[in-house]
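Fold and geometry: a report
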Amino acid sequence: MKKPVFAANFKMNLGPQETRSYLQTFLKEFPPAEDRTVIFFPPAISLVVAGFALRERPDIMLGIQNIHWEEKGAFTGENGAGMARDAGATVALVGHSERRHIFGEGDEITAKKCAAAFKAGLTVVLCVGEKIEERDRNTTQAVVLRQLKSGISRLTPAQVAQIAIAYEPVWAIGTGRTATPEDATAVHSAIRRSLRDVVSNRNTEIPILYGGSVSKANAESLLRAPEVDGLLVGGASLDPETWASIART
Ligand code: 13P
């Protein structure tokens, strides 16, 4: 059986000092666990501090929330994938709904970022998810599968076999409204079928995470749902004790 993945996305919260004290508390609450994968996505500015705090915990992975698609150059304020790796990240979140809908990043940019991450040796967690009006029009699967197909369009099948997907319905992010385990299973199954077309029998290990108002109260029922291989958590990951308890689910 695949290990469940517990990924914490701090978004624009917890600078270096706060990240240091957060991780001190978290590590006390969360002893090494072989049967699960824990990933932290702190703000880029906190990556080095997080890497130092986690130096004795190789069981915990570190990722960057966003990268630019170019390696380096005149892109004020951006971070290249190679720099993220240098700072201790081994994973990149790509195509998060806040990147898509607040910063206007479309499918093409998302595809370029996925390719850039692999080029620098980072694994990708590709985020997909529909807006409420798309759900109301019954186009959830069409939207999600379009985002998925274009997101991986610049990757080889061997690279696709190494990614993780996060299904995060936009209407569930930060709203307190969670997809039901059945909703998540339906979309995850569609994602799984679509991945199978690309990577044939190599895709059985691709983790498909659910994100959107995950809490201590609903984590277990979501994780029990078929095809839900892990959780990507925003708000409920900001308190180290709450997050440790979710990550122990
Ligand atoms: P919330 O858990 O705050 O809804 O955020 C989900 C998310 O966007 C994680 O990437």
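Residues numbered from 1 in each chain as written. Predicted model: local features only at pLDDT ≥ 70, side-chain atom pairs only at ≥ 80, totals over all residues. Heavy atoms only, no water.

This part is about the site of the ligand. Inspection of the region around the ligand gives 13 residues, with Lys11, His96, Gly174, Ser213 and Gly235 positioned closest. A distance of 2.7 Å separates an oxygen atom of the ligand from a polar backbone atom of Ser213. Contact distances for the ligand include 2.9 Å between an oxygen atom and a backbone N or O atom of Gly234. Expressed as a share of its isolated accessible area of 310 Å², the protein-covered part of the ligand is 95%. For the shell around the ligand, a count of residues per class yields four nonpolar, seven polar and two charged. (Near = heavy atom within 4 Å. Polar contact = N/O pair within 3.5 Å; in protein donor to acceptor, adjacent residues only side chain to side chain. Areas by Shrake-Rupley, 256 points an atom, 1.4 Å probe, with all protein chains shown as cover. Nonpolar A, V, L, I, M, F, W, Y, C, P; charged D, E, K, R; others polar.)

So, about the packing of aromatic side chains. Under the defined criterion, the tally for this structure stands at seven aromatic pairs. With a centroid separation of 5.2 Å and an interplanar angle of 25°, the aromatic rings of Phe26 and Phe30 are classed as stacked. Look at Phe26 and you get buried, because its relative accessible area is 0%. The ring of Phe52 has Arg55 sitting right over it, with the charged end atom 4.0 Å from the ring centre. One Lys or Arg, Arg99, reaches over the ring of Phe103 and ends 4.1 Å from the middle of that ring. (Phe/Tyr/Trp six-rings, centres within 6.5 Å; stacked < 30°, edge-to-face > 60°. Buried < 20%, exposed > 50% of the residue type's maximum accessible area, 1.4 Å probe, protein only. Lys NZ or Arg CZ within 6 Å of the ring centre and 35° of its normal.)

Below, the discussion takes up the pattern of salt bridges. Per the stated rule, a full pass over the model turns up 13 salt bridges. Note that Lys119 is salt-bridged to Glu71, the shortest N-O span being 2.9 Å. You can see Lys119 sitting in helix α5 (residues 107–119) and its partner Glu71 sitting in the loop between β3 (60–64) and α3 (81–86), a full 48 residues away along the chain. With respect to burial, Lys119 and Glu71 carry one shared label: exposed. Arg192 is paired through a salt bridge with Glu227; the nearest N and O atoms lie 3.0 Å apart. (Salt bridge = Lys/Arg side-chain N within 4 Å of Asp/Glu carboxyl O. Helix = DSSP H or I, 4+ residues; strand = E, 2+ residues; numbered from the N terminus.)

The next thing to look at is helix α1 (residues 16–29). Under the 1.5 Å per step criterion, the end-to-end length of α1 is 20 Å for 14 residues, consistent within 8% with the ideal 20 Å. By the burial criterion, the buried members of α1 are Thr19, Tyr22, Leu23, Phe26 and Leu27. Taken around the axis of α1, the buried residues stretch over an arc of 130°, which confines them to a single face. Seen from the buried face of α1, the exposed residues on the opposite side, beyond 90 degrees, are Gln17 and Lys28. Packed against the buried residues of α1 are β2 (37–41), α2 (47–53), β3 and α11 (240–247). (Expected span 1.5 Å × (residues − 1). Arc of directions from axis to C-beta. Contact = heavy atoms within 4.5 Å.)

What follows covers unusual backbone geometry. Here the phi dihedral of Lys11 falls at roughly 55°; this positive angle occurs in a residue that is not glycine. Tracing the backbone through its elements, the reader meets Lys11 in the loop between β1 (5–9) and α1. At Asn138, a position not held by glycine, the phi torsion is positive, near 65°.

Residue alternation in strand β8 (residues 230–233) divides its side chains into two sets, Gly230 and Leu232 and Leu231 and Val233, and both sets are buried. Pairing analysis gives four bridges linking β1 to β8, with the strands arranged parallel. By the bridge assignment for β8, Ala8 is matched with Val233. Of the strand pairs in this sheet, strand β7 (residues 208–211) and β8 are connected by three bridges, and their pairing is parallel. Within β8, the residue paired with Tyr210 across the bridge is Leu231. Traced from β7 through helix α10 (residues 219–224) to β8, the parallel crossover comes out right-handed. (Pairing = 2+ DSSP bridges. Right-handed = clockwise from strand over helix to strand, strands pointing away.)

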